[in-house]
Amino acid sequence: MIRPRRSLLFMPGSNARALEKARLLHADGIILDLEDSVAPDAKATARAQIAQAVADRGYGKREVLIRINSLDSPWWVDDLTMAGKARPDGVLVPKVSSVADLTAIADRLTDIGADISIKVWIMIETARGVLHAEGLAAASQDSEMRLAGFVFGPNDISRETGIRMLPGRAAMLPMMTHCVLAARAHGLSILDGPYSDIGNIEGFAHECAQARDLGFDGKTLIHPAQIEACNAAFTPPAEDVAYARKVIAAFAQPENAGRGAIQLDGRMVERLHAEMAQKTIAIADAIAAMGR
Ligand SMILES: CC(C)(COP(=O)(O)OP(=O)(O)OC[C@H]1O[C@@H](n2cnc3c(N)ncnc32)[C@H](O)[C@@H]1OP(=O)(O)O)[C@@H](O)C(=O)NCCC(=O)NCCSC(=O)C[C@H](O)C(=O)O
Ligand SMILES: [Mg+2]
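Residues numbered from 1 in each chain as written. Chains lettered and ligands numbered in written order. Predicted model: local features only at pLDDT ≥ 70, side-chain atom pairs only at ≥ 80, totals over all residues.

Naming follows an unreviewed UniProt entry, where the protein chain appears as Citrate lyase subunit beta/citryl-CoA lyase of Rhodopseudomonas rhenobacensis. Under Cofactor (unreviewed entry), UniProt gives the following word-for-word description of the protein chain: "Mg(2+)". (UniProt positions renumbered as here; feature names shortened; annotations may be inferred.)

Shown next, in the form of structure tokens:
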């Protein structure tokens, strides 16, 4: 099943108002955070609030991820134990740098008997994580790892490496492309990181369009004001969907049955374009099924 992942909204697990508000927001998914947006003193409260919010099952068709604390923190075991019991769609693990990190998460989920439907997502946001992205993605071939996708983390990368986050992101483009290639080589999803300038919707829209063109499935968000522009950027335009249907229809014609390439509206179209058209239609249908 294709799942739209145009927009996944982060919110601090300690913010009860945000957890409630997310039930009505038109994001494709939500990320209930226990890590950087939650102060150390508020970790236990946030954990309890997230457990309750997920148990209430009030988020409808939105994909629900819980971001736990990193493996070098004192909180991750309690976070993961709560998440295993709460049964979100997935657990997002920050600052993963090695396959050993993935194994530690998988082993803990097995130990607590977590349902196999709970997927693991990892943030690629350390220098070692970026360098090892291909090996991390390859670990998804082992189903016990539960690995479903990557989330790019520009803030932590910038913090560790000194690579600056500037408009246009020129300095980060090589590593972003590297992460997209690693994810796609192993059939994983990949989401872009957040944009902090909440008041600059125009700049945000440019960054969404850039992420889409770089091959990301969607973007992680930090504020409800970002949802609409993000969904717009990652929704296939109606004319693309209409053209995709035309490509499929053309290859379904009996006279084209044995052909690998045809001419359509003055352009060459090959069967690989028919495959891409199927994906465009599947995403458009999945978005429509979300009622958006
Ligand atoms: C950034 C914020 C702290 C701003 O909060 P606030 O000042 O309260 O914003 P507003 O007054 O404009 O809020 C208006 C209403 O919207 C609700 N709201 C705000 N943010 C969210 C949200 N994220 N989810 C759901 N609802 C939200 C407010 O409650 C208001 O509601 P109402 O009462 O009806 O008026 C805040 O936006 C925030 O905390 N954002 C998320 C921060 C976060 O999760 N950060 C972690 C992810 S980013 C990251 O980790 C970086 C990554 O790892 C990397 O390395 O790059
Ligand atoms: Mg981070």
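Having put the structure on the table, let's press on.
Comments concerning the packing of helix α9 (residues 201-214) against helix α10 (residues 227-234)
At a minimum axis separation of 9 Å, α9 and α10 run at an interaxial angle of 30°. Classified by the angle between their axes, α9 and α10 sit roughly parallel to one another. The interaxial crossing formed by α9 with α10 has right-handed handedness. Mapping the contact onto sequence places Ile201, Phe204, Ala205, Cys208, Ala209 and Arg212 in α9 and Ala229, Cys230, Ala233 and Phe234 in α10. Along the lines of polarity and charge, the residues of the contact of α9 with α10 split into nine nonpolar, no polar and one charged. (Axes fitted to C-alpha atoms, helices over the stretch in contact; angles between N-to-C directions. Helix = DSSP H or I, 4+ residues; strand = E, 2+ residues; numbered from the N terminus. Parallel < 35°, antiparallel > 145°, perpendicular 65-115°, else oblique. Left-handed = near helix turned anticlockwise from the far one by under 90°. Contact = placed C-beta atoms within 7 Å. Nonpolar A, V, L, I, M, F, W, Y, C, P; charged D, E, K, R; others polar.)

Thoughts on the domain arrangement of the protein chain
Per the domain assignment, the segments making up the protein chain are domain 1 (7-234) and domain 2 (238-290). Using only C-alpha atoms to locate each centre, domain 1 and domain 2 end up separated by 32 Å. (Domains from an automatic or database assignment.)

A closer look at the site of ligand 1
Close to ligand 1 lie 22 residues, the nearest being Phe10, Ala18, Ser37, Gly153 and Asn155. Considering every element that reaches the shell around ligand 1, the biggest residue donor is strand β1 (residues 7-12), with four residues. Of the residues belonging to the shell around ligand 1, the class tally is eleven nonpolar, five polar and six charged. (Near = placed C-beta within 6 Å.)

Details of α9
Between its first and last C-alpha atoms α9 spans 20 Å; for 14 residues at 1.5 Å apiece the expected length is 20 Å, and the two agree. Inspection of α9 places Phe204, Glu207, Cys208 and Ala211 among the buried residues, and these make up the whole buried set. Here the buried residues of α9 occupy an arc of 105° about the axis, which is enough to place them on one side. Exposed residues pointing more than 90 degrees away from the buried face of α9 are listed as Glu202 and Asp213. Buried residues belonging to α9 abut β7 (189-192), β8 (218-221) and α10. Directly after α9, the chain includes Gly215, whose backbone phi takes a positive value near 105°. (Expected span 1.5 Å × (residues − 1). Buried ≥ 20, exposed ≤ 12 C-beta atoms within 10 Å, placed from the backbone. Arc of directions from axis to C-beta.)

Quick word on the packing of helix α11 (residues 238-252) against helix α12 (residues 271-289)
Orientation of α11 relative to α12, taken along the N-to-C sense of each, is 135°, at an axis distance of 8 Å. Regarding the angle of α11 to α12, the classification is oblique. α12 is crossed by α11, and the crossing has left-handed handedness. Of α12, the residues touching α11 (which contributes Asp240, Val241, Ala244, Arg245, Val247, Ile248 and Phe251) are Arg271, His273, Ala274, Ala277, Gln278, Thr280, Ile281 and Ala284. The residue makeup of the contact of α11 with α12, split by class, is nine nonpolar, three polar and three charged.

Digging into the UniProt feature "binding site: substrate" (unreviewed entry) in the protein chain
UniProt marks Arg67 and Glu125 with the feature "binding site: substrate" (unreviewed entry), using the numbering shown here. The greatest C-alpha distance among the residues just named is 13.8 Å, despite their covering 59 residues of sequence, which places them together in space. Relative to the helices and strands, Arg67 is located in strand β3 (residues 63-67). In contact with Arg67, not counting residues within four places along its chain, are Ile31, Asp33, Leu34, Glu35, Leu92 and Pro94. Relative to the helices and strands, Glu125 resides in the loop between β5 (119-124) and α5 (127-131).

Some points on the UniProt feature "binding site: Mg(2+)" (unreviewed entry) in the protein chain
The feature "binding site: Mg(2+)" (unreviewed entry), as annotated in UniProt, sits at Glu125 and Asp156 in this numbering. Taken together, the annotated residues stretch across 32 residues yet fold into one region, lying no more than 5.5 Å apart by C-alpha. Under the C-beta neighbour-count criterion, Glu125 is labelled buried, with 24 such atoms within 10 Å. With residues near it in sequence (within four places) discarded, Glu125 still touches Pro94, Lys95, Gly153, Asp156 and Ile157. Here Asp156 lies in helix α7 (residues 154-161). Owing to 20 C-beta atoms within 10 Å, Asp156 belongs among the buried residues under this scheme.

What to know about the pairing of β3
The buried fraction of β3 amounts to five of the five residues, a majority that puts the element mostly inside the structure. Of the two faces of β3, the one carrying Glu63, Leu65 and Arg67 and the one carrying Val64 and Ile66 are both buried. Once the chain exits strand β2 (residues 29-33) it traverses helix α2 (residues 43-55) before rejoining the sheet at β3, and the crossover so formed is right-handed. Two strands pair when backbone bridges link them, and β3 and strand β4 (residues 90-93) are joined in this way by three bridges, in the parallel orientation. When the sheet's bridge partners are listed, Ile66 is paired in β4 with Val91. One crossover worth recording links β3 to the parallel β4 by way of helix α3 (residues 76-86), and it is right-handed. (Right-handed = clockwise from strand over helix to strand, strands pointing away. Pairing = 2+ DSSP bridges.)

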